[in-house]
Amino acid sequence: MKKRRRSFAVIGFLLAVPVALAVGFAALQAGRPVRVAGEKVARGAVEALATSVSAGTVRSIRASDLACEVPGIVAEVYASEGKAVRAGAPILRVSLRDLEASLQVALADWESVRRQVESAKARQRSTTRSRDRAASLVKSGAIPTERLDEAQDALDLADCEAALSESLAAKAAAGVRALEVQIDRGILRAPFEGVVTSMTVEPGESISPSRPVARLEDLSVLEVRAPIDEVDVPSVRIGAPVRISIDAFPGKSWSGKVSVLDPVVDMTKETSRTAEVRVRLENAGSGLRVGMSAQIEILVERRAGVLCIQSSLVREGAGSERPYVFVARNGRAEKRSFERGLSNWRVTEAFSGLSEGEVVVSPAGGQGDIVLQDGARIRLEGTPEGAP
């Protein structure tokens, strides 16, 4: 029985300690003013922003992993990493000796047939003149009609030979073109103007169509791809202005516009579902590099000339209670609930509940983890300024 009483006494003591500390803290605040910094409620502009939930990445608008259409041994490499190339410029060439030898034979055949065509056309012109001369002589009665028939037969034969030789020449030319196309497939060309950012082969290596050998990127226009929370997706529109900060350039920002909003929400992480946004940079300049990390702020809505305060001064109410701040009033901190309008991590709109010129306060530095209480005595330090 005595042990039980002793236990209750210990528990009572432990419960009384925090209460005593709280009472003592409140008494201390009531007796000694809390040093506070203040900011006036002022009119300004507030933006509602949809921000990236994690770092995005700077990318080129066009990029392609290049592979040769035909297998073979690399004969020549024309482009190195970092080299700018125009559309259609050769990247590398694969050795196709069998096809190249066949092309030489086809060219020789075509040349032979071409000479046959010239000879056939010369005979055709000659027999045409002979037929015309025989027709004139028959008309004058100088030669019999049979001679004209013989001249016409000779012309008909020459016409057939010319047509046949032209058909053979066309076939030979088609064979040459087919071989040239096959050989040209052994030359890997740039599909668009850009910069070679990767080259993975050297002359003498064997390659196949399934193996990418180079990467080409169009760096003329860059974009940032970043995830936003699914709750922000309905408020984001194509063409919305975006402020971009690059981790490698602190304090500097870029502008852009939303160019693509992924129509599908990423469900790989059930606790934080996101959608990817693509932002086209409008002033990339030469300092940015593909692969750099970036943060984005998409402008959803903007209101100018509204009452606003720094968001760091706002306290969230419990449960369904409205947010609140502490306002300096007659040397004391007055807890004031207000209706919040637009807000971001920097500035919050006071839709109602606060008046222009009122001073919103928070504990000044150097006082530990002190927390303001409603009605606490305060001493304002410095001159309050308006929200940015």
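Please read all numbers here as calculations on a predicted model, not as lab measurements.

### Side note on helix H2 (residues 97-140)
Between the first and last C-alpha of H2 there are 65 Å, a value that for 44 residues agrees with the 64 Å anticipated at 1.5 Å per step. Burial in H2 covers these residues: Leu 103, Ala 106, Val 113, Val 117, Ala 120, Thr 127 and Ala 134. Buried positions along H2 lie against helix H3 (145-184).

### What about the environment of Glu 69?
Relative to the helices and strands, Glu 69 is located in the loop between strand S3 (56-66) and strand S4 (72-77). With 117 residues separating them in the primary sequence, Glu 69 and Gly 186 have C-alpha atoms 6.7 Å apart. When sequence neighbours within four positions are dropped, the list of residues in contact with Glu 69 reads Arg 185 and Pro 209. Here Arg 185 takes part through its side chain, which lies 3.2 Å from a polar atom of the side chain of Glu 69.

### Considerations on the pairing of strand S16 (residues 332-337)
As paired strands, strand S15 (residues 324-329) and S16 are joined by six bridges and run antiparallel to one another. The partner of Phe 326 across the bridge, within S16, is Lys 335. Between S15 and the antiparallel strand that follows it, S16, lie two residues; Asn 330 among them carries a positive phi value of about 55 degrees.

### A closer look at the pairing of strand S6 (residues 90-95)
Relative to S6, S4 runs antiparallel, the two sharing four bridges. Each bridged residue has a counterpart across the sheet, and for Val 77 the counterpart in S6 is Leu 92. Sheet topology note: the S6/strand S7 (residues 187-189) ladder contains three bridges and is antiparallel. Residue pairing for S7: Arg 93 is matched across the bridge by Ile 187.

### A word on the side chain of Asp 232
Within the secondary structure, Asp 232 sits in the loop between strand S10 (214-229) and strand S11 (241-246). Of the side chains with opposite charge, Arg 340 lies nearest to the buried Asp 232, which makes no salt bridge, at 13 Å. Those residues in contact with Asp 232 that sit more than four places away from it in its chain are Ala 50 and Thr 51.

### Here's the deal with the packing of aromatic side chains
On inspection of all chains with the given rule, the structure shows two aromatic pairs. When the centroid spacing of 5.5 Å and the interplanar angle of 65 degrees are considered together, the rings of Phe 249 and Trp 254 count as edge-to-face. A ring pair is formed by Tyr 324 and Phe 326, whose centres lie 5.9 Å apart and whose planes are at 90 degrees; its orientation type is edge-to-face. Like Tyr 324, the residue Phe 326 is buried in the burial classification. Residue placement shows Lys 335 over the ring face of Tyr 324; its charged tip is 4.3 Å from the ring centre.

### Remarks on the confidence of the model for the chain
Taken over all residues, the pLDDT of the chain has a mean of 84, while the share at 70 or more is 89%. pLDDT under 50 marks residues 1-14. Its contacts with residues more than four places away, or in other chains, come to zero contacts. A low-confidence stretch, residues 16-29 (pLDDT under 50), is modelled with nine contacts involving residues beyond four sequence positions or located in other chains.

### Quick look at the sheet that holds S7
Taken together, the four strands give an open sheet; going across it, the order is S7-S6-S4-S9, and neighbouring strands pair in antiparallel fashion. The open sheet has two edge strands with one neighbour each: S7 and strand S9 (206-207).

### Quick look at a negative patch on the surface
Together, Glu 146, Asp 149, Glu 150, Asp 153, Asp 156 and Asp 159 give the surface a local cluster of negative charge. Within the element layout of this structure, Asp 159 appears in helix H3.

### Regarding the environment of Ile 207
Within the fold, Ile 207 resides in strand S9. By relative accessible area, Ile 207 is classed as buried at 3%. The spacing of Ile 207 and Ala 67 is 140 residues in sequence and 8.6 Å in space, taken between C-alpha atoms. For Ile 207, the residues in contact, after removing those within four places along its chain, are Cys 68, Pro 71, Gly 72, Val 74, Leu 92, Val 94, Val 201 and Val 213.

### A few points about H3
End to end, H3 covers 58 Å across 40 residues, agreeing with the expected 58 Å (1.5 Å per residue, within 8%). Of the positions making up H3, those classed as buried are Ala 151, Leu 155, Ala 158, Ala 162, Ser 165, Ala 169, Ala 172, Ala 173, Val 176, Leu 179 and Ile 183. Here the buried face of H3 lies against H2 and S7.

### What to know about the pattern of salt bridges
Considering all chains together, one arrives at 25 salt bridges under this definition. Between Arg 303 and Glu 349 there is a salt bridge, and its shortest N-O distance comes to 2.9 Å. In this pair, Arg 303 is assigned in strand S14 (residues 293-310) and Glu 349 in strand S18 (residues 347-352), connecting sequence segments 46 residues apart. Of the charged contacts, one joins Arg 336 and Glu 358 as a salt bridge, the two residues approaching to 3.0 Å between their closest N and O atoms. Here Arg 336, found in strand S16, pairs with Glu 358, found in the loop between S18 and strand S19 (359-363); they are 22 residues apart in sequence, far enough to count as distant. The pair Arg 336 / Glu 358 is uniform in exposure class, with both members buried. One network of salt bridges, in which partners are shared, links Glu 47, Arg 243, Glu 297, Arg 302 and Arg 346.

Cut-offs and rules
- Residues numbered from 1 in each chain as written.
- Predicted model: local features only at pLDDT ≥ 70, side-chain atom pairs only at ≥ 80, totals over all residues.
- Heavy atoms only, no water.
- Helix = DSSP H or I, 4+ residues; strand = E, 2+ residues; numbered from the N terminus.
- Expected span 1.5 Å × (residues − 1).
- Buried < 20%, exposed > 50% of the residue type's maximum accessible area, 1.4 Å probe, protein only.
- Contact = heavy atoms within 4.5 Å.
- Polar contact = N/O pair within 3.5 Å; in protein donor to acceptor, adjacent residues only side chain to side chain.
- Pairing = 2+ DSSP bridges.
- Lys, Arg positive; Asp, Glu negative; His and termini not counted.
- Salt bridge = Lys/Arg side-chain N within 4 Å of Asp/Glu carboxyl O.
- Phe/Tyr/Trp six-rings, centres within 6.5 Å; stacked < 30°, edge-to-face > 60°.
- Lys NZ or Arg CZ within 6 Å of the ring centre and 35° of its normal.
- pLDDT = per-residue confidence, 0-100.
- Patch = residues over 30% accessible without salt bridge, like charges linked within 9 Å, V, L, I, M, F, W, Y side chains within 5 Å.
- Areas by Shrake-Rupley, 256 points an atom, 1.4 Å probe, with all protein chains shown as cover.
- Charge placed at Lys NZ, Arg CZ, Asp CG, Glu CD.

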